[in-house]
Structure formats: C-alpha cells, structure tokens
Amino acid sequence: MESSAQSRNEKTSNFHHSGPILTFNNIRYVVNLKRVVCMQGEQKEILCNVSGLMRPGMNAILGPTGSGKTSLLDVLANRKDPKGLKSGQVRLNGQPLGSHFNLQSAYVVQDDILMGTLTVRENLEFSANLRLSKKEYTFEEKQLKVNKVIDELGLQDCANTKIGTELIRGISGGERKRCSIGMELITSPSLLFLDEPTTGLDANTANSIMQLLHMLARHGRTIIFSIHQPRYSIYELLDYITLMSKGDIVYQGPRTETIEYFKDLGYECEPYNNPSDFFLDVINEAVPSSPETPNPEVVIISQTAVDPPMEKNRLTHHFRQSKYYHQISEELKSSFVSDEPKLSIKIKSSYATPFWYQLYIVCGRTIKNLIRNPQTSVAQVFMMILFGLLNGLIYYQIPHTMPEALQNRIGAFFFLIINQVFGNLSAVELFIQEKALFSHEKASGYYRTSAYFLSKILADVIPNRIIPVLILAAISYFMMGLKRDAAPFFLFCLTLSLTSLSAVSLAFLVSASVSTFAIANALIAIPYVFMMVFGGFLVNLNRMLQWLSWLKWISIFRYGLNALMINELKGQIFYMNSTEIPGEIYMIEQGIDFSTWGFWQNEVALLCMMTILMFLAFIQLLRINKWK
C-alpha cells in the first residue's frame, strides 16, 4: 500500500504543470433568507472573506454539508449571482477575468443535464457546433474533435446510444457523467470546474471518473471540483486540497502534507482511517486533539501579522498563522493590489458562433427531439381529428331555417373557439421541461436566448399548433355545411389559427415565468376562463357593468368568435316560415361591426395579442437566472 502510494506521489510530482493559476482574494458572499416588502431581508454569510489559489492539477474543495464548498466553486466559475458578492477579486494567471472566460473554462454540473433523445455523439456534436468557431474549425475538424473526445473518455461502445429519458432506456450513470464532461472538453478548456462529480455513482464508477480527471490534469489542465467524502483511492489522486468549514478555509495546500499539518495541530489520523473522513471528523469536532502545543514549524507568523481575529473556530485561526497561509498571501500580493475596487463577477457573455448559425443548430436539435419523442404531436393531431369529427357530427349540415340555423352556427363557433384555447394547455410544458438544460447551456455560452426561443417556437408552433388546426378546420367546415366559397373557408382557417396562436402565446408566457407544471396549469386556466366569460356568448356584453366591460378588449374568445360570425353570417339569408331573414340582424343586436374593417380588426387584435404575449415570454426567458 505504501509503495503504490509512493509511486502515485512520484507521478504526481513529475507531471507537467502547464495549466492556468486561478487566484481569489477576500471573497465574501451572502444570500437573502427572508424578503420583506420595501425592507432588506435577513442575510446569511456563505463565504467569509476567503482567499487562496488553485494551481495546475487536481484541486479538491472538501468540507461538510453547508461549509460553502459549492458556493466557492460557483463564485470562481462565474456561476454565482453577482448580487450576493459583497467583496472579492478573482484572477486568471494574474489577469482579471475577461469576456472570453466562459470559452476558456468549462463547468460540469452535479446533475447530468443532457438531451435524453440524442445519442452521446449527437450531444457532443451539438456542443462542438455551437462552441467551436466556424472561422477556425471546418465541419471535418469538428468531427475529428468529437472523435478525439469520445476516444479520450472511453465512450466508443456507447457513442451511438441515446442518453435516455423516462420512456427511453439509455446509457449508464458513469457514461452519462463522462458525456457531460465531454460536452465541456470540446472547447479544450484549460480550466475545468466540476460540482460533486462522484454524486450518485457507485464506488467503482466514481473511481473511474476521477481517474479520467486525473489523466486530464496530467495533460496541462487546472481541474477544480467540490467533493464530499472521497474514497482513499480517489484521495490519492488529488494534488491540492482546500478544506472548508462554516464558510471559511481551514486548510489549503498540497494533499501530501495535509495529514502532517493536522498532526502538528494535535490531530492524529489512524493508519487505516480514510484521510478525507478524518478531516471531516476534525472539522466537525468529532476527533479530540492532544493537549500538546501545536508544532512551532506550523505557527510561523505572529498574531500581530494576522488579520483581526474574525475566525469562527480554532482551525481557521491556526490556518491563518500557518506557513501555508503565509505562502498563499505572498503569491496573492503579486496578483492583487490592496486598493483595487471590488470585482463584479458578472461578465458579458461572448459566443463562438453567429445568431443564425445558432438558430440552425438549435432548431435541428429541437426537431430531432420532436421526431424521437412524438407523443405530444401525435396526440395533438389525433385530438383535433377526433374533435373535428365530433363537432361535424353534432352540427352536421346546419340548415338555413330559423331558429336552428343561427343557434347551431353560433354554438358550433363557440365550441371551436373553446377547443382552440383550452387545447393549448399542453404548451405550458414547453419551457418548463427544459428549463434546467436551457439555464446550464445559457450560462456556458452555447447560444443566445433569442436563438433558443425562436427554435422552440418554430418547432412547436408548426407541428403542434398550425397543422392540427388546419386539419380540424377542413373536417369541421365542410361537415357543418358552411359557406361553399373558397374565401370564407380560408378566412375560417385563418381565424382558428390566430386564435390558437394567441392562446398558445399566453401559455408560453406562463411556461417561461414559472418552474412547475402544477403552478403553470393553475395560472393559465384563470385567464382562459375570464376570457371565455367576456367572449360575448355566455354574457351579453352590451348589458354588462361599465367597470367590468373593459375586459372584453383582452378576450381571445371575443375576437375569435366575432370573426367567425362575421365570416359566416354576413351575406347569409335564413328563413322563418318563408320569411327571409338576413344574417346581419343578429350581429346588429349584438353590436358587432360586420364591415370589412370590422372583420379584420378582430384578426389584427389576435395578431397583436400573439405578438405582445410572445415578446413578454421572450423577456421572461431573458430574466431566467443563470446564476446559482
């Protein structure tokens, strides 16, 4: 055991240190626990003025739950909300983080966020197409890059296997983690961040993942990751350790010197105890220390040279006086100037590819996902066919004799409008399902929000909203025996399409605004019901209270129903006991303007509502917090 550990240490000491050095100084981060209207809520300090550096190789951040290790990782990776950063500076190789930091670095999240309907190769190709510049890489070079990553990560056997969803059996957990790492390695980053890379994996798989990261570190990368309690074989792969407790650093230095450091403080690690478990026991005060005075070799700085006594525990106090802290402080002096202002970690994103190319690639993935997961589209078409036949049979060949002629036509139109509005409840899932994926890819600089939004709209609207509506319109129109002219038929299709698009735009807005389907379903039902009440069929709008009548101007039902009635009733002649009754009589009683502009103002109103709601949905997507 000692010989194997010694051989590992020799390999560790002999690898080429060519990766970047990340330094951070006086990082203080807080979060709001309670928000009170017009008042500042209670705040909790997560990181307490921590400073340090991450060198080339394997840098592990360890600590018990709630110690702040993931928060520190996220701040260093530019993944933490800048609003909580009260002070601090982060630099890469002594230089401030620039606009290309998201292209120089990569971040692997704890939960593997991948498109489940795509294969391993297709996911890697998606990352390569968006994150490698078209000017610098040809299509063939991108393919070579993907093949190299597949070979490097040992994914050859599952390269053409789908990741997997709830309905599709996919690859194993270890292969998913490797694929997640591969998505980030496409850009050949010199700085790699990982949040708990072994979470959810069995011991053997976790060890293989860490062996992979160890190999990557030996090729000139700085790898920084948070980890809870690694097994001994994983612990031996580490180069540098940062131990945290209650938002502060209690040790930062070489892994090979950690046990000796704590031994000098009076904490003895048993020969067969896992060092990572031992460190957590020490931090949690589960291991008693010997009463001996700490080794003077450790305490080399006098109390007067240390920061004011702000430490929360004895371990932090001793680390602030240790030679490791002194060495770090000396190195930080060359990177930071004491009178520099606070750095805002919020960096303007840059993209490797132009907007139209991003739209093309994201549209391709969305369409591919739709084809391989067609349940929603097939169900939508099937429902429209069934509803069209049902509607046609109920109102089959409506006669021109009163009162059936008028009553059945108005009832059929109201029935159709209800279907177009409430049939779009499924659209509230559009952005909710992929919110985690979108947030991660947005933070990693894959694409612009506008490219993602347009791709989702185009891929959802045409197959799920336009085509089913046209099928419904064709079946219902001729079965009901409406006007036989071509123009009224196409206007009928246009009205139903605009009604559907207006309703689905509201669903998109709700979907982009909330995170759970249950809340979205409740929120979308309320405006739909109000719009139905003020649509003009259930209540006579001319007899409504004045302070409520304004709601009719935001009713999709009203505009759609009015347009269908004008299209069908204008110019129609109905009969009652051989008496001719023009269709305009009913519209005059209802106060409906049946002029040419009277018809088109309803279409324009639906178009405007659709545009405004779509724009608001886009704004909500922009507001989705990519920060943690």
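You'll find the structure just up there.
About the cut-offs
Residues numbered from 1 in each chain as written. Predicted model: local features only at pLDDT ≥ 70, side-chain atom pairs only at ≥ 80, totals over all residues. Heavy atoms only, no water. Salt bridge = Lys/Arg side-chain N within 4 Å of Asp/Glu carboxyl O. Buried < 20%, exposed > 50% of the residue type's maximum accessible area, 1.4 Å probe, protein only. Phe/Tyr/Trp six-rings, centres within 6.5 Å; stacked < 30°, edge-to-face > 60°. Helix = DSSP H or I, 4+ residues; strand = E, 2+ residues; numbered from the N terminus. Axes fitted to C-alpha atoms, helices over the stretch in contact; angles between N-to-C directions. Parallel < 35°, antiparallel > 145°, perpendicular 65-115°, else oblique. Left-handed = near helix turned anticlockwise from the far one by under 90°. Contact = heavy atoms within 4.5 Å. Nonpolar A, V, L, I, M, F, W, Y, C, P; charged D, E, K, R; others polar. Pairing = 2+ DSSP bridges. Patch = residues over 30% accessible without salt bridge, like charges linked within 9 Å, V, L, I, M, F, W, Y side chains within 5 Å. Areas by Shrake-Rupley, 256 points an atom, 1.4 Å probe, with all protein chains shown as cover. Lys, Arg positive; Asp, Glu negative; His and termini not counted. Charge placed at Lys NZ, Arg CZ, Asp CG, Glu CD.

With that out of the way, let us pick up the pattern of salt bridges. A complete count under the given rule lists 14 salt bridges for this structure. Of the charged contacts in the structure, one is a salt bridge between arginine 465 and aspartate 460, with a shortest N-O distance of 3.0 Å. With a relative accessible area of 2%, arginine 465 lands in the buried category. Residue aspartate 460 is classed as buried on the basis of its relative accessible area of 6%. Sharing partners across several salt bridges, the network here consists of Glu122, Lys368 and Arg372.

Before going further, it helps to spend a moment on the packing of aromatic side chains. Applying the stated criterion to the full structure yields 31 aromatic pairs. Aromatic side chains phenylalanine 438 and tyrosine 452 sit 4.6 Å apart centroid to centroid with 25° between the ring planes, which places their arrangement in the stacked category. Taken together, the residues span a long stretch of sequence, with phenylalanine 438 in helix 17 (residues 435–443) and tyrosine 452 in helix 18 (residues 449–480) at a distance of 14 residues. Taken as a pair, phenylalanine 438 and tyrosine 452 share a single burial class, namely buried. For the pair phenylalanine 599 and tryptophan 600, a centre-to-centre distance of 5.1 Å together with 85° between the ring planes defines the contact as edge-to-face. Following the ring pairs from residue to residue traces out a cluster consisting of Tyr232, Tyr235, Tyr251, Tyr261, Phe262, Tyr267, Phe278, Phe279 and Tyr324.

Relative to each other, helix 6 (residues 173–185) and helix 7 (residues 203–217) sit at 20°, their axes nearing to 10 Å. Judged on the interaxial angle alone, helix 7 and helix 6 are roughly parallel. The two elements helix 6 and helix 7 cross, and the hand of that crossing is right-handed. Residues Gly174, Lys177, Arg178, Ile181 and Leu185 of helix 6 touch helix 7, and the partners they reach there are Thr205, Ser208, Ile209, Leu212, Leu213 and Leu216. Residue composition of the contact of helix 6 with helix 7, by class: six nonpolar, three polar and two charged.

Contact geometry for helix 19 (residues 486–513) and helix 24 (residues 596–623): axes closest at 8 Å, N-to-C directions at 25°. With respect to their mutual orientation, helix 19 and helix 24 come out roughly parallel. Relative to helix 24, the crossing made by helix 19 is left-handed. Tallied by class, residues from the contact of helix 19 with helix 24 come to 18 nonpolar, six polar and one charged.

Another point: the environment of histidine 318. Residue position: histidine 318 is located in helix 11 (residues 314–320). Here histidine 318 falls in the buried class, since its relative accessible area comes to 11%. The spacing of histidine 318 and leucine 265 is 53 residues in sequence and 8.2 Å in space, taken between C-alpha atoms.

In this section: the sheet that holds strand 5 (residues 95–96). Across the sheet, which stays open at both edges, the four strands sit in the order 2-1-4-5 with antiparallel pairing between neighbours. For this open sheet the edge positions go to strand 2 (43–54) and strand 5, each flanked by a neighbour on one side alone. Bridge count between strand 1 (residues 22–32) and strand 4 (residues 85–92): six bridges; the pairing is antiparallel. Across the sheet, the residue bridging to asparagine 25 is glutamine 89, located in strand 4. Sheet contacts for helix 2 (residues 69–76): strand 1, strand 2 and strand 4; angle to strand 2, the most-contacted strand, approximately 65°.

As a further point, take a negative patch on the surface. A cluster of acidic side chains, namely Glu257, Glu260, Glu268, Glu270 and Asp281, defines a negative patch on the protein surface. Within the secondary structure, aspartate 281 is located in helix 10 (residues 275–283). Relative accessible area serves as the criterion here: at 31%, aspartate 281 is assigned to the partly exposed category.

Function cannot be inferred from these measures alone, as they are strictly geometric.
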